[in-house]
Number of protein chains: 2
Amino acid sequence: MVKLTQRLGGLVLRFAAFCAALGAVIAMITSRERSSFFVISLVAKYSDLAAFKYFVIANAIVTVYSFLVLFLPKESLLWKFVVVLDLMVTMLLTSSLSAAVAVAQVGKRGNANAGWLPICGQVPRFCDQITGALIAGLVALVLYVFLLIFSIHHVVDPFLLRKS
Amino acid sequence: MVKLTQRLGGLVLRFAAFCAALGAVIAMITSRERSSFFVISLVAKYSDLAAFKYFVIANAIVTVYSFLVLFLPKESLLWKFVVVLDLMVTMLLTSSLSAAVAVAQVGKRGNANAGWLPICGQVPRFCDQITGALIAGLVALVLYVFLLIFSIHHVVDPFLLRKS
């Protein structure tokens, strides 16, 4: 019975991570706002910044991976390899989220030392939607950290909970 | 004999990661360059950018952690918990490196869409030293990924190398 709940728990976490990563991708790629400045008219979109493109690519990879793993047969030996893939996916989410947050932070506050002005004043809705995408990316990351600690705990028992 | 080489291998990787993280901190905090622009004189330093401060804090934590783990007795049950700590450290290095690289990339190339000018033209030595610090941070990260896969392999055998 315990094995079944563990397996179901894992699948639910994975499906939730799939939804979060997919939501992050959709929110990011649909973020777009036109802003006019005297005679100049600009359109802010996610592809204007490399870190946001990296975020979309990373979360798209995680979306596909999470979906495929849902269909892996229970007895498959590949589950052992999934632990390492989960580690790589967790690092990819960590990396892409951190890069996007670092650049979004510059976009929101600017940087006087580097002479970079904030942009969110001109395109507030664009920035709000980017923030939404980053939150969805954070949810996917937290779920994958749980999945990873769950896999490591299931095998390594780092919290010494099992009676030896 | 195999157990001894594995243990020694782990300690050597950890000591190398300690040196790399320490090098990343030193290179980042000593990066400083004065630049004059007509009558304005500016000093570029790492603390001008939040992502670089985050990079220093993260690598300082990793330096202390790597040093302490070197002295953990072989038989200690804490080694089981070190696997989870190694995961957290790997994520911290991934996150801080990605944030710093994202902002450094804006510093090097600027971003026309956001109206952010590159700064490395005015402070080339500062940017070169930042690049050196990021490379040291990458070395520390790669070493920790090896350590983590080494720990997971040692316990989980994800590559199915052991004859069952």
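Residues numbered from 1 in each chain as written. Chains lettered and ligands numbered in written order. Predicted model: local features only at pLDDT ≥ 70, side-chain atom pairs only at ≥ 80, totals over all residues. Heavy atoms only, no water.

Defined as follows: UniProt positions are given in the numbering used here, feature names are shortened, and annotations may be inferred rather than shown by experiment.
Per UniProt, the recorded name for chain A is CASP-like protein 1C2, and the organism is Arabidopsis lyrata subsp. lyrata. What the UniProt record of chain A gives under Subunit is the line "Homodimer and heterodimers." Heading Sequence similarities of the UniProt record for chain A holds this comment: "Belongs to the Casparian strip membrane proteins (CASP) family."

A look at the packing of helix α2 (residues 50-69) of chain A against helix α3 (residues 78-109) of chain A
Residue and element names in this part refer to chain A. Quick reminder of the rule: Fitted lines through C-alpha atoms give the axes, limited to the stretch in contact for helices. The angle between two N-to-C directions lies from 0 to 180 degrees. Numbering of helices and strands runs from the N terminus; a helix is a DSSP stretch of H or I covering at least four residues, while a strand is a stretch of E covering at least two. Working definition: roughly parallel below 35 degrees, roughly antiparallel above 145 degrees, roughly perpendicular at 65 to 115 degrees, and oblique for all remaining angles. Helix crossings get a hand from a simple test, with the near helix turned counterclockwise from the far one by less than a right angle marking a left-handed crossing and a clockwise turn marking a right-handed one. Put simply, Ala, Val, Leu, Ile, Met, Phe, Trp, Tyr, Cys and Pro go in the nonpolar bin, Asp, Glu, Lys and Arg in the charged bin, and everything else, Gly too, in the polar bin.
Two numbers describe how α2 lies on α3: the axes approach to 9 Å, and their chain directions differ by 155 degrees. As far as their axial angle goes, α3 and α2 are roughly antiparallel. You can see that α2 and α3 cross each other, and the crossing is left-handed. Tallied by class, the residues present in the contact of α2 with α3 amount to 20 nonpolar, three polar and one charged.

Details of the relation of the copies chain B and chain A
In plain terms, the rule: Least squares is the method used to superpose the copies, on C-alpha atoms of residues holding a pLDDT of at least 70 in both.
Screw-axis analysis of chain B against chain A gives a translation of 0.0 Å along the axis, an RMSD of 0.0 Å, and a rotation angle of 180 degrees. Interpreted geometrically, this transformation is the action of a two-fold axis. Using C-alpha coordinates, one finds that chain B approaches the rotation axis most closely at A99 of chain B, a distance of 2.1 Å.

Examining the nonpolar core
Worth spelling out the cut-off: By convention a nonpolar core is built from buried Ala, Val, Leu, Ile, Met, Phe, Trp, Tyr and Cys residues, the set being connected through side-chain atoms within 4.5 Å. With a 1.4 Å probe rolled over the protein chains alone, any residue whose accessible area is under 20% of its type maximum counts as buried; one over 50% counts as exposed, and the rest are partly exposed. Between two residues, a contact is recorded if the distance between any of their heavy atoms is within 4.5 Å.
In terms of nonpolar packing, the biggest core is built from 102 residues, with M28 and W116 of chain A together with W116 of chain B touching the most fellow members. Put simply, the parts of the chain that give this core at least two residues each are α1 (2-29), α2, α3 and α4 (124-156) of chain A together with α1 (2-29), α2 (50-69), α3 (78-109) and α4 (124-156) of chain B. At 15 residues, α4 of chain B tops the list of elements feeding residues into this core. Residue contacts for W116 of chain A: discarding those within four places in its chain leaves V106, G110 and N111 of chain A together with L49, V103, V106, G107, W116, L117 and I119 of chain B.

Observations concerning the interface of chain B and chain A
In plain terms, the rule: Buried area, as used here, totals the accessible surface that two parts lose on assembly, with accessibility defined by a 1.4 Å probe and the loss added over both. Throughout this description, the term salt bridge denotes a Lys or Arg side-chain nitrogen within 4 Å of a carboxyl oxygen of Asp or Glu. Definition of a polar contact: a pair of N or O atoms within 3.5 Å, with one able to donate and the other able to accept a hydrogen when the atoms are protein atoms, and with sequence-neighbouring residues admitted only if both atoms are side-chain atoms.
Contact residues are listed per partner, giving 39 residues for chain B and 39 residues for chain A. Between chain B and chain A, roughly 3400 Å² of surface is buried when both sides are summed, and carbon and sulfur atoms account for 79% of that area. In this assembly, chain B and chain A are joined by zero salt bridges. Counting the contacts that link chain B with chain A gives eight residue pairs in polar contact (both at pLDDT 80 or more). For the side of chain B that touches chain A, the elements supplying multiple residues, two or more each, are α2, α3 and α4 of chain B. Take the side of chain B that touches chain A: its biggest share by element is 17 residues, from α3 of chain B. The class makeup of the residues in the side of chain B that touches chain A is 28 nonpolar, eight polar and three charged.

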